[in-house]
Amino acid sequence: MATKKAAQPAKPDLKALSYSELKNLKEETEALMSQRKEEVRLDLLRRWTTEATEAGFTVQEVVSPPKPKRTRKRTSDKLYANPSDPKMTWNNVGRCPNWLKNLESEGHDRSEFLIS
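Residues numbered from 1 in each chain as written. Predicted model: local features only at pLDDT ≥ 70, side-chain atom pairs only at ≥ 80, totals over all residues. Heavy atoms only, no water.

J.: Hey, could you run me through the confidence of the model for the protein in this one?
T.: Reading predicted coordinates in detail is not appropriate for stretches of low pLDDT. Across the protein, the average pLDDT comes to 88, with 96% of residues at or above 70. Mean pLDDT values over the elements of the protein span from 85, in helix H2 (residues 59-63), up to 95, in helix H1 (residues 19-55). (pLDDT = per-residue confidence, 0-100. Helix = DSSP H or I, 4+ residues; strand = E, 2+ residues; numbered from the N terminus.)

Spelled out as structure tokens, the structure:
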């Protein structure tokens, strides 16, 4: 038992077409492709909506990835203070401040400025 295939439309001889004919063909093809793309998109949306609803979801819940959980910021229990300005502190997270770098380059130990 052989199944019949749908008859394929005859392909135009593109080499025989003029530039303007090719340009028109391209515009018609692009318009048709755009229309078909929208038809496929709507068909997918209908099917996905039906399947998602049957499963107890919305399409948005299915296609949108969950938001990542927020992670805690890095913290440190060490706190260093600038001896010349105690309001300037550093908690050992991020880049080392210049005031501490300068004091260390003068021969001081970081532990001298530890306040907690």
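J.: Is there a simple way to think about the environment of Ser34 in this case?
T.: Of note, Ser34 is situated in helix H1. Judged by its relative accessible area of 47%, Ser34 is partly exposed. Between the C-alpha atom of Ser34 and that of Arg110, which follows or precedes it by 76 residues, the distance is 67 Å. (Buried < 20%, exposed > 50% of the residue type's maximum accessible area, 1.4 Å probe, protein only.)

J.: What's the story with the pattern of salt bridges in this structure? I'm lost.
T.: Proximity of charged atoms lets side chains of opposite charge pair with each other. Applying the stated criterion across every chain yields a total of 5 salt bridges. Two residues, Arg36 and Glu39, come together in a salt bridge whose shortest N-O distance is 4.0 Å. With a gap of 3 residues between them, Arg36 and Glu39 both fall in helix H1, about one helical turn apart. Since its relative accessible area comes to 40%, Glu39 is described here as partly exposed. Taking the shortest distance from any N to any O, the salt bridge between Glu104 and Arg110 comes out at 2.8 Å. The exposure class assigned to Glu104 is partly exposed, which follows from its relative accessible area of 28%. Under the relative-accessibility criterion, Arg110 is labelled partly exposed at 26%. Each of Asp43, Arg46 and Arg47 takes part in salt bridges that share partners, so that together they form one network. (Salt bridge = Lys/Arg side-chain N within 4 Å of Asp/Glu carboxyl O.)

J.: Is there a simple way to think about the side chain of Asn82 in this case?
T.: With respect to the helices and strands, Asn82 occurs in strand E1 (residues 80-82). Separated by 3.0 Å, the side chains of Asn82 and Ser84 make a polar contact. Once residues lying within four places of it in the same chain are set aside, the contact partners of Asn82 are Met88 and Trp99. (Polar contact = N/O pair within 3.5 Å; in protein donor to acceptor, adjacent residues only side chain to side chain. Contact = heavy atoms within 4.5 Å.)

J.: I would appreciate a short explanation of the pairing of strand E2 (residues 85-90) in the present structure.
T.: On a regular strand, one side chain projects to one face of the sheet and the next to the other, so that they alternate. Alignment of E1 against E2, held across 3 bridges, turns out to be antiparallel. Paired with Asn82 across the two strands is Asp85, which belongs to E2. Hairpin geometry of E1 and E2 is characterised by an intervening segment of 2 residues between the two adjacent antiparallel strands. (Pairing = 2+ DSSP bridges.)

J.: Whenever I open this one, a nonpolar patch on the surface confuses me. Can you help?
T.: Residues Trp48, Phe57, Val62 and Val63 make up a contiguous nonpolar surface patch of about 410 Å² in total accessible area. Structurally, the position occupied by Phe57 is in the loop between H1 and H2. (Patch = residues over 30% accessible without salt bridge, like charges linked within 9 Å, V, L, I, M, F, W, Y side chains within 5 Å. Areas by Shrake-Rupley, 256 points an atom, 1.4 Å probe, with all protein chains shown as cover.)

J.: Is there a simple way to explain the environment of Leu42 in this structure?
T.: Topologically, Leu42 is positioned in helix H1. We classify Leu42 as partly exposed; its relative accessible area is 33%. For the pair Leu42 and Val62, spaced 20 residues apart in sequence, the C-alpha separation works out to 16 Å.

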